[in-house]
Amino acid sequence: MTCDPQGEGGAHDEPGARDPQAYAGDGARPGAHGPERTAAAFHAVYGYAPGGVWAAPGRVNLIGEHTDYNDGFVLPLALPHTALLAASRRADGVLRVHSGDVPGGVVELRADALTPAADGGWAGYPAGVVWALREAGLAVGGADLHFDSTVPTGAGLSSSAALEVATATALNDLYALGLEPQRIARIGQRAENAFVGVPCGIMDQTASACCTEGHALHLDTRDLRQRQVPFALAAEGLRLLVVDTRVKHELGDGAYAKRRAGCEQGARTLGVRALRDVPYEGLGAALDRIEDGTVRGLVRHIVTENRRVEEVIGLLDAGETPAIGPVLTAGHISLRDDFTVSCAELDLVVESANAAGALGARMTGGGFGGSAIVLVEEADAEAVTKAVTHAFGAAGYAAPRVSPAVPSAGARRLA
Ligand code: GLA
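Residues numbered from 1 in each chain as written. Predicted model: local features only at pLDDT ≥ 70, side-chain atom pairs only at ≥ 80, totals over all residues. Heavy atoms only, no water.

In this section: the domain arrangement of the protein chain. Along its sequence, the protein chain is organised into domain 1 (5–231 + 408–413) and domain 2 (234–404). When each unit is reduced to the centre of its C-alpha atoms, the spacing between domain 1 and domain 2 is 25 Å. Counting residues at the interface gives 38 residues for domain 1, matched by 46 residues for domain 2. Interface area for domain 1 against domain 2, summed over the two sides, is near 3300 Å², with a carbon-plus-sulfur share of 62%. A per-residue breakdown of the area domain 1 buries against domain 2 is headed by Ile63, His66 and Tyr69, which together make up 20% of the total. Taken together, domain 1 and domain 2 are joined by five salt bridges. Across the pair Arg276 and Asp220 runs a salt bridge, and its minimum N-O distance is 2.9 Å. Inspection of the domain 1/domain 2 interface yields 18 residue pairs in polar contact (both at pLDDT 80 or more). Counting only elements with at least two residues in the side of domain 1 that touches domain 2, the list comes to strand S1 (52–61), strand S2 (73–74), strand S3 (76–90), strand S7 (215–220) and strand S8 (226–230). (Domains from an automatic or database assignment. Contact = heavy atoms within 4.5 Å. Buried area = accessible area lost by both parts, 1.4 Å probe. Salt bridge = Lys/Arg side-chain N within 4 Å of Asp/Glu carboxyl O. Polar contact = N/O pair within 3.5 Å; in protein donor to acceptor, adjacent residues only side chain to side chain. Helix = DSSP H or I, 4+ residues; strand = E, 2+ residues; numbered from the N terminus.)

Listed below in structure tokens is the structure:
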């Protein structure tokens, strides 16, 4: 997938509706990413026109990190960056997948002979979705799929969830499965957990499937109840910046599973089903019962983080958006010190942005690299961007990529 967070300046328009001038100012490449181009690429690869084109976005999480595998709360929003998928149904059970962003040709498989974690390549995401749909007893057969994505990979912005949700959304339409967006998200998560072999929670796929423009999504990951929380940044003269550090530290994958196991250990010690069940008011007493210092930190983060989600939602509902800034920064400090999933580059984004006048900042996603988010007054956006970029230069790091996180629509059919 292309590493180009600037690549899509706004929503995907209907074919022909795009005004190149409208995108000229924000570094976008007019016409470089859109349903017409993806349909044309499908035609070039497979020799016929696709049955349709679908889009599924990447996400940032505003607050509620590592809570989704503790039955807790999350508050993600969808990005304008999307995975586009041109697709057609096939009658012969053959599944062909191709990406405009990954070198190599068409990967050819059979829908009825997919084996979990067989190859480990990018094709495992769409193939895993076909596998998960079939495993759920749904009548899905072959398909031809071509992807183009502007969700950067390795940036913690859920490029893989975007691929999964785009695939499930397209197959839902092509095979008339009648699945709701939340079910589509669960299929995507099942593909990632059981086929690709990554023990992620449900946040990323739900954000990609269910978010709506102008909102953050409050999701209770225990019962999957959700509410769209208005997040009108522009109207309030605010901007949320995504700062992609362009680093991904290798220990990330194993460390995620380790944090997850530590949280489960904490819940067992405290005799609760999940850490979500530890009340904020009872945190001190709960911590006294845990001997292991590492587990104590994990528990403290989850319990305080769930509280921060509620706090942020209260402030957004009260129209006090700038006041969420310090809560975001507190969330970062908790991830850095208690959950220990930050890294020097992410810490530097938060410190340099806040020192330059940001309202608040935090790492977003799993951690160990990837991206941070920064809340700024619109008037300060440029100065804060410059300050962060300068700090990276002074530390000897490659320049980060900064783009606005405009709360965008979830998965949808475009053509
Ligand atoms: C990754 C996982 C999510 C979630 C976040 C941390 O993005 O895929 O399920 O656990 O990390 O909040």
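After that view of the structure, there is still more to cover.
Approximately 910 Å³ is the volume attributed to the largest pocket. In terms of lining residues, the largest pocket is bounded by 40 residues, among which Ser160, Glu192, Val198, Lys248 and Asp253 are the most central. Looking at the lining of the largest pocket, the elements with two or more residues in it are helix H4 (159–174), helix H6 (203–210), strand S9 (238–248), helix H7 (252–270) and strand S11 (369–377). By residue number, the principal contributor to the lining of the largest pocket is H4, which donates four residues. A domain-level breakdown of the lining of the largest pocket finds at least three residues from each of domain 1 (5–231 + 408–413) and domain 2 (234–404). (1 Å grid on protein atoms, 1.4 Å probe; cavity = no way out; pocket = protein on both sides within 12 Å on 5 of 7 lines; lining within 4 Å. Points joined across faces, edges and corners; volume = space filled by probe spheres on them.)

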